[in-house]
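Architecture at a glance
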Amino acid sequence: MGTVAAGDDGATGRSAAMASSGEEPRSGSPGRAGNGNGPEPALDTAEDFEVLEEEEEEEEEDLSEMPPLEDVSRPPAPPPEERGGREAAEDPQEWLDVLGSGLLKKKTLVPGRGEDTRPRKGQDVTVRLKAALEDGSVVEENPALTFTLGDCDVVQALDLCVQLLEVGETALIVSDAKYCYGAQGRSPDIPPNAALTLEVELLKARDAPDLELLSGKEKVELANRKRERGNFFYQQADYVLAINSYDIALKIISSSSKVDFSPGEEAELLDVKVKCLNNLAASQLKLDHYEAALKSCNLVLEHQPGNIKALFRKGKVLAQQGEFREAISILKAALKLEPSNKTIHAELSKLVKKHADQRNVETEMYRKMLGNPSAAGAPGKCKDKLRWSIPWKWLFGATAIALGGVALSVVIAARN
C-alpha cells in the first residue's frame, strides 16, 4: 500500500530509470503520483521518445483552452437557528450530491469550525486521508497529505470535495471511478473502473508560499512535484490535465524572484524547465496540437540545441504537417548526435519512404495536368525528324537534277 509523496511538504516522488534521460514516476495514489517504491514501467514502451523526461529533481499551450476541474458551488450555510449551534451542523446523516449527477457524494461525519474556515482554490491544504474500495479494502492511508487546492495535485474527488470542508471537519466521500482513477486504475491495488470511498479530515488550510520568496531548492522541488503529477496524468492518458500540470510547473520556474540563486540552482531550474517542455510537447503531440508542440520543441532547442528528444519530436511534428524534407533534415541531425538510436533510424526510414511516395504522387499529378508530356514526347520527336528528312531529300534531288541540266547544256554547246 503506497503512501502519497508528490504533494507532501518537503517530499517529492522518486521515479524509475527511463530510456535516455530521467526516470519514470509511479502511478499515483489518491493523493497523487508516485511514492518511489521500486522501478516503474515506461510510459510508452513502443517508442522510447514518447517516454517522458524524468529525474530526481506547448501559441504556448495556453491553458485558457483547457477545461478546469468541474467547479462546484458551495451550498449556502443554514441559518444559525437551524444549525443548533454546532451540535447538528448540516445534518451529519445527510448526503450532499456534489455535482448533481450522483457520481460524487459527501456526508459530514464530524462538524468543522464554521463556513469561514473553508479553504479557497490556490491555498495549500493538509488532510488526513483514508481510501478504500467498495469491498472495504483499504488502498491508502495518509495522516497528513498536503496539496494545492485546484492544481489537480490529487484525484478530482478530493480536489472537488475538500473545498467544501471546514477546518476540523471529517467527511465521507463516495466517488465514481471517473473522479478517481478511471478506466486505467492504479496498479497493483486499484482495479480499472473502481469506485472509492474516502474518509477525509481537513486539518489546516493556508495561503500558498510566495513564489518570489522561494529559494532555488524550494522552487525546484515545487516544480518537480507539479511535473511528476503531469507524468501521472500522461500515464493515465489524460493529456489535457498533463498539460495543465506541466504548465503550472513552467510558471513556477519562470516566476520572478527576490532571492539570488547559485549557479547550481540555476542549472537545476533549467534542467526541470527543459524536462517540462519536452513532456509538454509529448502531450501536445498526443492531442494533435502540432503548432503548440512545435513551439515547445523550439523552446527546448533554444536552451539545448542538441537535445535528442526535442529534435525527434520536432521531426515528428513537421512530418505530421507534411514538411517531409525539413523533418528528414531534423532527424538526420538527431541521428548524427546518437547514431545507434534505433527509434530515430525507424522514424527516419519511414519518413524517407513517405517523402518518396509523396514525390511520386506529385509527379503523376503534374503529368496529368500537362497532358502526359512524357508519353507524347517520343512521337513528337519522330514527327519532327520525319518533317525535316523529307525537305532535305527533295533538296538533294533537285540539286542533282539542276547540276545534270547544266552539264548537259555545256556538252550541247560544245558540239555546236
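Since this is a predicted model, take the numbers as computed values, not measurements. (Residues numbered from 1 in each chain as written. Predicted model: local features only at pLDDT ≥ 70, side-chain atom pairs only at ≥ 80, totals over all residues. Heavy atoms only, no water.)

**Some points on helix α8 (residues 324-337)**
For an α-helix, 3.6 residues make a turn, and residues three or four places apart therefore share a direction. The following threshold applies: What counts as a helix is a DSSP run of H or I of at least four residues, what counts as a strand is a run of E of at least two, and both are numbered from the N terminus. To estimate the expected span of a helix, count its residues, drop one, and scale the result by 1.5 Å. The cut-offs for exposure are 20% and 50% of the maximum accessible area for each residue type, with area from a 1.4 Å probe on protein chains only; residues under the lower value are buried, those over the upper are exposed, and the others partly exposed. Note that the arc is defined by the directions from the helix axis to the C-beta atoms.
Taking 1.5 Å per residue as the helical rise, α8 with its 14 residues ought to reach 20 Å, and the 20 Å between its terminal C-alpha atoms agrees with that figure. All buried positions along α8 are accounted for by Phe324, Ala327, Ile328, Ile330, Leu331, Ala334 and Leu335. Projected onto a plane normal to the axis of α8, the buried residues spread over an arc of 160 degrees and lie on a single side. Opposite the buried face of α8, at more than 90 degrees from it, the exposed residues are Arg325 and Lys336.

**Structural notes on the sheet that holds strand β3 (residues 95-97)**
For clarity, the threshold we go by: Strands were regarded as paired on the criterion that DSSP finds at least two bridges between them. Interaxial angles span 0 to 180 degrees and are taken between N-to-C directions of axes, which are lines fitted to C-alpha atoms, for helices over the stretch in contact.
Read from one edge of the open sheet, six strands run β3-β4-β7-β8-β5-β6, paired in antiparallel fashion. The sheet terminates laterally at β3 and β6 (138-148), the two strands that pair on one side only. On average, adjacent strands in this sheet sit at an angle of 25 degrees to one another, irrespective of strand direction. Of the strand pairs in this sheet, strand β7 (residues 170-175) and strand β8 (residues 196-206) are connected by six bridges, and their pairing is antiparallel. Across the sheet, isoleucine 173 pairs through a bridge with leucine 198, a residue of β8.

**Things to note about the pattern of salt bridges**
Inclusion rule: For this analysis, a salt bridge means a side-chain nitrogen from Lys or Arg found within 4 Å of a carboxyl oxygen belonging to Asp or Glu.
Tallied over the entire structure, the rule returns 13 salt bridges. A salt bridge links lysine 226 to aspartate 153, with the nearest nitrogen and oxygen atoms 2.7 Å apart. A residue pair is termed long-range when its members are at least 10 positions apart, and lysine 226 in helix α3 (residues 216-235) and aspartate 153 in the loop between β6 and α2 (156-162) qualify at 73 residues. Take lysine 226 and aspartate 153: they sit in the same class, and that class is buried. In this structure, a network of salt bridges that share partners links the residues Arg128, Glu199 and Glu201.

**Some remarks on α3**
Under the 1.5 Å per step criterion, the end-to-end length of α3 is 28 Å for 20 residues, consistent within 8% with the ideal 28 Å. Along α3, 17 of the 20 residues are buried, which leaves the element largely enclosed by surrounding structure. Just downstream of α3 lies alanine 237, where phi reads positive at about 65 degrees.

**Some points on the nonpolar core**
For soluble globular proteins, nonpolar side chains are generally found buried alongside one another. Basically, it comes down to this: Residues belong to a common nonpolar core when they are buried Ala, Val, Leu, Ile, Met, Phe, Trp, Tyr or Cys residues joined through side-chain atoms within 4.5 Å. Residues are treated as being in contact if the distance between any of their heavy atoms lies within 4.5 Å.
Counting 81 residues, the largest nonpolar core has Leu104, Phe147, Leu158, Val162, Leu196, Leu198 and Val200 as its most contacted members. Here the element with the most residues in this core is helix α4 (residues 239-254); it accounts for ten residues. When neighbours within four sequence positions are excluded, valine 162 is seen to be in contact with Pro119, Val125, Val127, Phe147, Leu149, Val200 and Leu202.

**Concerning the packing of α3 against helix α5 (residues 263-286)**
Put simply, the rule reads: Roughly parallel covers angles under 35 degrees, roughly antiparallel covers those over 145, roughly perpendicular covers 65 to 115, and oblique covers all other angles. Definitions for this section: a left-handed crossing has its near helix turned counterclockwise from the far helix by less than a right angle. A right-handed crossing has that turn clockwise. Residue polarity follows a fixed list, in which Ala, Val, Leu, Ile, Met, Phe, Trp, Tyr, Cys and Pro are nonpolar, Asp, Glu, Lys and Arg are charged, and the others, Gly among them, are polar.
Packing of α3 against α5 leaves a shortest axis separation of 10 Å and a crossing angle of 15 degrees. If you check the angle between α3 and α5, you find them roughly parallel. Along this stretch, α3 crosses α5, giving a crossing that reads as left-handed. For the pair α3 and α5, contact is made by Gly216, Lys217, Lys219, Val220, Ala223, Asn224, Arg227, Asn231 and Tyr234 and by Glu265, Glu268, Leu269, Val272, Lys275, Cys276, Asn279, Ala282, Ser283 and Lys286, respectively. Residues belonging to the contact of α3 with α5 are distributed by class as follows: seven nonpolar, five polar and seven charged.

**With respect to the pairing of β6**
Note on strand geometry: in a regular strand, side chains alternate between the two faces of the sheet. Pairing analysis gives eight bridges linking strand β5 (residues 124-133) to β6, with the strands arranged antiparallel. For leucine 129, the partnering residue across the bridge sits in β6 and is asparagine 142. Remark: four residues form the turn of the hairpin made by β5 and β6, two consecutive strands paired antiparallel; glycine 136 in that turn has positive phi of roughly 95 degrees.

**Digging into the pairing of strand β4 (residues 104-110)**
Sheet topology note: the β3/β4 ladder contains three bridges and is antiparallel. In the sheet register, tryptophan 95 faces β4, and the bridge partner there is lysine 107. If you look at the hairpin formed by β3 and β4, you'll find six residues sitting between the two strands, and glycine 100 has a positive phi there, around 75 degrees. With six bridges joining them, β4 and β7 adopt antiparallel strand pairing. Looking at the pairing, lysine 105 lines up with valine 174 of β7.

**Looking at the side chain of arginine 227**
Selection rule: For this analysis, a polar contact is any N or O atom pair within 3.5 Å, provided that within protein one partner can donate a hydrogen and the other can accept it, and provided that sequence-adjacent residues contribute only side-chain to side-chain pairs.
Residue placement: arginine 227 occurs in helix α3. Within polar-contact distance, the side chain of arginine 227 engages the side chain of asparagine 224 at 2.7 Å.

**A look at the confidence of the model for the protein chain**
Convention followed: A residue's pLDDT is the predictor's confidence in that residue, given on a scale from 0 to 100.
Considering every residue of the protein chain, the mean pLDDT works out to 77; 64% of them sit at 70 or more. Contacts for the low-pLDDT stretch residues 32-48, under 50 throughout, to residues beyond four places or in other chains number 57 contacts. Throughout residues 375-390 the model reports pLDDT below 50, and contacts reaching past four residues in sequence, or to other chains, amount to zero contacts.

**Some thoughts on the packing of aromatic side chains**
How we decide: Side-chain rings of Phe, Tyr and Trp (the six-membered ring for Trp) are treated as a pair once their centres are within 6.5 Å; stacked means planes under 30 degrees apart, edge-to-face means over 60, and tilted covers the remaining angles.
One pass over the full model with this rule turns up three aromatic pairs. Measuring from centroid to centroid gives 5.9 Å for tyrosine 181 and phenylalanine 232, while their planes differ by 80 degrees, and the two rings are edge-to-face. With a gap of 51 residues between them, tyrosine 181 in the loop between β7 and β8 and phenylalanine 232 in helix α3 connect regions that are remote in the sequence. For tyrosine 181, a relative accessible area of 3% gives the class buried. With a relative accessible area of 2%, phenylalanine 232 lands in the buried category. Grouped by ring-pair contacts, the aromatic residues Tyr181, Phe232 and Phe233 constitute a single cluster.

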